[in-house]
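Fold and geometry: a report
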Amino acid sequence: MSAKKKSAKVKNTLPFLVEIGTEELPPKSLKKLAHAFLENFETLALSENLLPPGTRNELYFSPRRLAVYAPALRAKQPDRSEERLGPAVSAAFDAQGKPTKAAEGFANSCGVPVEKLERRQTEKGERLACVLSIKGEPAADILPDLLREALAKLPIGKRMRWGAGTAEFVRPVHWVLMLLGDKPLKGSLLGVAGGDKTYGHRFHHPAAIPVRNPKDYRKLLEKTGKVRVEDRDGSLANKIGSLATQAAKKAKGKPVLEQALLEEVAALVEWPVPVVGGFDARFLALPAEVIAAVLQGQQRYFPLQSAGGKLLPHFVTIANIQSRNPKEVQHGNERVIVPRLTDAMFFWDLDKGTRLDARVEDLELVVFQKELGSYGNKQKRVAALAEDVARRISGAPHLARRAAGLAKCDLLSNLVGEFPELQGTIGMHVARLNGEEDEVARAIEEQYLPRFAGDRLPETQTGQALAIADKLDTLTGIFAIDQKPTGEKDPFGLRRAALGLMRILLEKELDLDLVELTRA
């Protein structure tokens with residue numbers, strides 16, 4: 001019995017593969033697009049009764065492709081019964097019990113005589129009903145329209161057109177692969193006819209690669225096309241992390257592997273090849289966060305650290321090609337960061353030359369929000385509130401006031417102008433050079449924590465007081481002028497501020513009455 005069931009299941013399902021081949025897709029949104037494509041496909045396929053519940057389907061993506069693989073798609077929709085309700089019985093028959101035009105019309109629409117109609121008791125009374133037997137459609141006939149709808153629902157901020165066609169997508173489409181079992185589907189997506197061919201690496205294997213069976217797709221791409229695709233488990237990002245770790249051993253270092261950067265690099269390369277490079281050790285005089293901002297943020301390199309966590313003058317970059325002359329690739333990547341690090345060093349020297357407290361007056365010239373005043377106004381409000389919070393959590397009020405008085409000064413620094421993500425961090429380093437107490441310096445950075453979900457929280461009491469005061473001031477001020485966030489816009493990061501505020505209170509077990517604080 002079990003053998004027969006297994007045979008029937010194989011007979012009634014087929015593997016299915018769809019691939020959209022494009023120009024290079026935006027790396028920061030590629031993962032989101034790929035997951036949305038799979039989710040849309042699964043939702044629609046389930047609604048059409050093509051996808052057996054519980055099936056694990058796969059998504060594959062690379063800079064030039066979005067693909068979904070369903071290992072077991074029903075070859076045909078199951079036949080089904082559908083009940084249709086007609087007019088009320090009181091309106092379907094006249095006083096002599098003869099069918100009215102309403103009853104006859106309903107019977108004709110069902111394809112049966114009136115006497116074959118059934119009756120159903122509903123909340124609105126008794127009604128005529130008929131049960132229709134609906135034949136399932138072949139999957140090959142349904143899938144093209146289903147895929148068009150799945151693609152139309154992708155979260156694309158701005159769609160583009162190309163050539164003389166009217167199709168719109170995030171990038172121009174060059175090929176479409178639609179394969180059900182061993183047969184390509186008829187039809188087109190985004191103005192491109194479907195087929196059974198994919199394409200490999202732009203340089204290593206630009207020729208077409210026939211795909212005879214959907215399950216061979218990934219293997220064909222890697223073996224023949226020299227393309228490694230990312231999947232829902234992040235296999236390529238993990239592979240890149242392993243390649244970087246192995247390559248870093250040549251420089252006796254360990255790479256700094258942040259998950260977001262690994263995922264971005266995985267969305268940038270199709271054939272990852274690690275390359276170890278270096279830079280002049282004099283740049284190590286820069287704060288480590290500045291070097292990381294240049295290497296990671298601007299160049300997508302992985303900085304290297306020693307076993308003790310000290311930054312080394314080396315990095316690992318991931319090339320998208322197996323070069324015949326890797327030294328040239330290395331030198332090219334080394335050359336490009338020299339001017340960036342030189343600029344950063346120039347800005348750092350300028351910023352070190354100006355004390356933070358010398359910038360306080362200039363904050364009056366920087367608008368925080370038109371109705372709430374300047375950053376100078378905000379800094380005064382936050383200083384008073386931070387002092388109050390510090391007192392309530394058994395902290396040092398004088399340190400909280402001092403930290404709040406310097407908190408926003410680095411917004412006027414050259415380095416924060418170049419690297420906005422380093423606000424607070426640059427202020428911390430300059431404060432230490434200025435001889436401020438360490439807790440004050442740390443609090444200047446900690447005021448922005450947590451910056452994102454899962455980020456660390458302020459460790460010092462002064463940092464906690466400042467972070468709470470700053471977030472509370474922003475929340476109460478923006479809500480007071482009726483600038484609440486909407487479903488699409490939250491320019492002042494109020495959701496992030498509220499969630500961060502609650503995390504600090506809950507995880508640091510701080511007993512504070514927020515209502516009372518907002519009235520202070």
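Residues numbered from 1 in each chain as written. Predicted model: local features only at pLDDT ≥ 70, side-chain atom pairs only at ≥ 80, totals over all residues. Heavy atoms only, no water.

Looking at the overall build of the protein
Rule in force here: Each helix corresponds to a stretch of at least 4 residues labelled H or I by DSSP, and each strand to a stretch of at least 2 residues labelled E; elements are numbered beginning at the N terminus. With the radius of gyration taken over C-alpha atoms, the globule rule is written as 2.2 Å times the number of residues to the power 0.38. Note on exposure labels: buried denotes an accessible area under 20% of the residue type's maximum, exposed denotes more than 50%, and partly exposed covers the range between, all computed with a 1.4 Å probe on protein chains only. We call two residues in contact when some of their heavy atoms are within 4.5 Å. All accessible-area figures derive from a Shrake-Rupley calculation using a 1.4 Å probe, and residue coverage is judged against the displayed protein chains alone.
Along its length, the protein carries 18 helices and 19 strands. Taking 24 Å as the expected radius of gyration for a compact globule of 520 residues, we find that the protein reaches 32 Å, considerably beyond that expectation. If you line up the protein on its principal axes, its C-alpha atoms span 100 × 70 × 55 Å. Residues counted as buried form 47% of the 520 residues belonging to the protein. Counting only contacts in the protein whose residues sit at least 6 apart along the sequence, the fraction spanning at least 24 positions is 65%. For the protein, the accessible surface area stands at approximately 26700 Å², while carbon and sulfur atoms represent 51% of it.

Let's talk about the state of the cysteines
Put simply, the rule is: In this description, the term disulfide denotes a pair of cysteine sulfurs within 2.5 Å.
A complete count under the given rule lists 1 disulfide for this structure. Linked covalently through their sulfurs, Cys110 and Cys130 form a disulfide whose S-S length is 2.3 Å. Measuring handedness by torsion sign, the sulfur bridge of Cys110 and Cys130 sits at about -60° and is left-handed. Of this pair, Cys110 sits in helix α4 (residues 101–110) while Cys130 sits in strand β6 (residues 125–134), placing them 20 residues apart in sequence. According to the relative accessible area criterion, Cys130 is buried, its value standing at 5%.

Quick notes on helix α8 (residues 259–266)
Within α8, burial applies to Leu261, Leu262, Glu264, Val265 and Ala266. Buried positions along α8 lie against α2 (27–47), β13 (230–231), α7 (235–248), α9 (288–298), β16 (302–305) and β17 (311–319).

A word on the pattern of salt bridges
The condition that has to hold: Salt bridge, as used here: a side-chain nitrogen of Lys or Arg that lies within 4 Å of a carboxyl oxygen of Asp or Glu.
Inspection of every chain in the model, using the stated rule, returns 44 salt bridges. Put simply, Arg56 and Glu58 hold a salt bridge, and the shortest N to O gap is 3.1 Å. On the basis of relative accessible area, Arg56 is assigned to the partly exposed category, the value being 45%. Between Arg161 and Glu168 there is a salt bridge, with its nearest N and O atoms 2.9 Å apart. Classification of Arg161 by relative accessible area gives exposed; the value is 53%.

Structural notes on the sheet that holds β16
Selection criterion: Here, a strand pair is defined by DSSP locating no fewer than two bridges between the strands. Note on definitions: angles span 0 to 180 degrees between N-to-C directions of axes, and those axes are lines fitted to C-alpha atoms, for helices only across the stretch in contact.
What the 4 strands build is an open sheet, ordered β14-β16-β17-β15; its pairing is antiparallel. Of all strands in the sheet, those with a lone pairing partner are β14 (254–255) and β15 (273–278), marking the two edges. Where β15 meets β17, 6 bridges bridge the pair, whose relative direction is antiparallel. Counted as the bridge partner of Val275 is Thr317 from β17. The strands touched by helix α10 (residues 326–352) within the sheet are β15 and β17, with β15 carrying the most contacts at an inclination of about 50°.

Some details on the environment of Arg80
Take Arg80: it is sitting in strand β4 (residues 80–88). On a C-alpha basis, the gap between Arg80 and Leu146 in space is 20 Å, while along the polypeptide they are 66 residues apart. Setting aside chain neighbours within four positions, we find Arg80 in contact with Leu132, Ser133 and Ile134.

So, the side chain of Asn57
Tracing the backbone shows Asn57 in the loop between α2 and β2 (58–62). Under the relative-accessibility criterion, Asn57 is labelled buried at 0%. Those residues in contact with Asn57 that sit more than four places away from it in its chain are Leu38, Glu42, Leu51, Tyr69, Ala70, Pro71 and Arg232.

Description of the sheet that holds strand β5 (residues 118–122)
Pairing is antiparallel across the open sheet formed by 3 strands, whose spatial order is β4-β6-β5. Every interior strand has two partners, whereas the edge strands, β4 and β5, have only one. Each adjacent strand pair in this sheet contributes to an overall mean axis angle of 45°, direction not counted. Two elements, β4 and β6, share 7 bridges in a ladder whose sense is antiparallel. Across the sheet, Arg80 pairs through a bridge with Ile134, a residue of β6. Strands β4 and β6 of the sheet are contacted by α4, whose axis makes an angle of about 165° with β4.

Re the layout of surface pockets
To be explicit about the condition: A cavity here means a set of 1 Å grid points, computed over protein atoms only, where a 1.4 Å probe fits but cannot escape. A pocket is an open set with protein on both sides within 12 Å along at least 5 of 7 lines, and lining residues have an atom within 4 Å of a point. Grid points are joined across faces, edges and corners, and a volume is the space filled by probe spheres set on the points. Each residue is assigned to one class: nonpolar for Ala, Val, Leu, Ile, Met, Phe, Trp, Tyr, Cys and Pro, charged for Asp, Glu, Lys and Arg, and polar for all the others, Gly among them.
In this structure, the largest pocket occupies an estimated 1300 Å³ of space. Glu258, Ala260, Gln296, Glu421 and Phe452 are the residues nearest the centre of the largest pocket, which is lined by 38 residues in total. When contributions to the lining of the largest pocket are tallied by element, the ones reaching two or more residues are α2, β13, α8, α9 and β16. Residues belonging to the lining of the largest pocket are distributed by class as follows: 16 nonpolar, 7 polar and 15 charged. Roughly 470 Å³ of volume is contained in the second largest pocket. Along the walls of the second largest pocket sit 18 residues, with Gln423, Tyr448, Asp470, Phe492 and Arg496 positioned nearest its centre. Going through the elements one at a time, α11 (375–392), α16 (461–480) and α17 (494–507) are the ones with two or more residues in the lining of the second largest pocket. No other element matches the 3 residues that α16 contributes to the lining of the second largest pocket. Across the lining of the second largest pocket, the residue classes break down as 8 nonpolar, 4 polar and 6 charged.

A word on the side chain of Thr22
Its place among the elements puts Thr22 in strand β1 (residues 13–22). By relative accessible area, which is 1% here, Thr22 ends up buried. Residues in contact with Thr22, not counting those within four places in the same chain, are Pro63, Arg64, Arg65, Phe169, Arg171, Pro172, Val173, His174 and Trp175.

Here's the deal with the packing of α11 against helix α12 (residues 397–406)
Operational definition: Convention used here: angles under 35 degrees read as roughly parallel, angles over 145 as roughly antiparallel, angles from 65 to 115 as roughly perpendicular, and any remaining angle as oblique. If you view the pair so one helix is near and one far, a crossing is left-handed when the near helix is turned anticlockwise from the far one by less than a right angle, and right-handed when it is turned clockwise.
With their axes 8 Å apart at the nearest point, α11 and α12 run at an angle of 155° to one another. Comparing the axis directions of α11 and α12 gives the class roughly antiparallel. The crossing of α11 and α12 is right-handed. Residues Gln379, Val382, Ala383, Ala384, Ala386, Glu387, Ala390 and Arg391 of α11 form the contact with α12, whose own contacting residues are Pro397, Ala400, Arg401, Ala404, Gly405 and Leu406. Residues that form the contact of α11 with α12 fall into these classes: 9 nonpolar, 2 polar and 3 charged.

Considering the nonpolar core
General note: in soluble globular proteins, nonpolar side chains tend to be found buried as a group. The condition that has to hold: Only buried residues count toward a nonpolar core. Its members are Ala, Val, Leu, Ile, Met, Phe, Trp, Tyr and Cys residues joined through side-chain atoms within 4.5 Å.
Judged by nonpolar contacts, the single largest core of 66 residues is most densely connected at Phe279, Leu286, Val290, Val389, Leu415, Phe419 and Ile468. It is α16 that provides the largest number of residues to this core, a total of 8 residues. Ignoring any residue separated from it by four or fewer positions in sequence, one finds Phe279 in contact with Leu284, Ile291, Leu295, Leu312, Pro313, His314, Phe315, Ile337 and Leu341. By size, the runner-up hydrophobic cluster in this structure holds 42 residues, among which are Leu30, Leu38, Ala45 and Leu190.

Any functional reading would require information that these geometric values do not contain.
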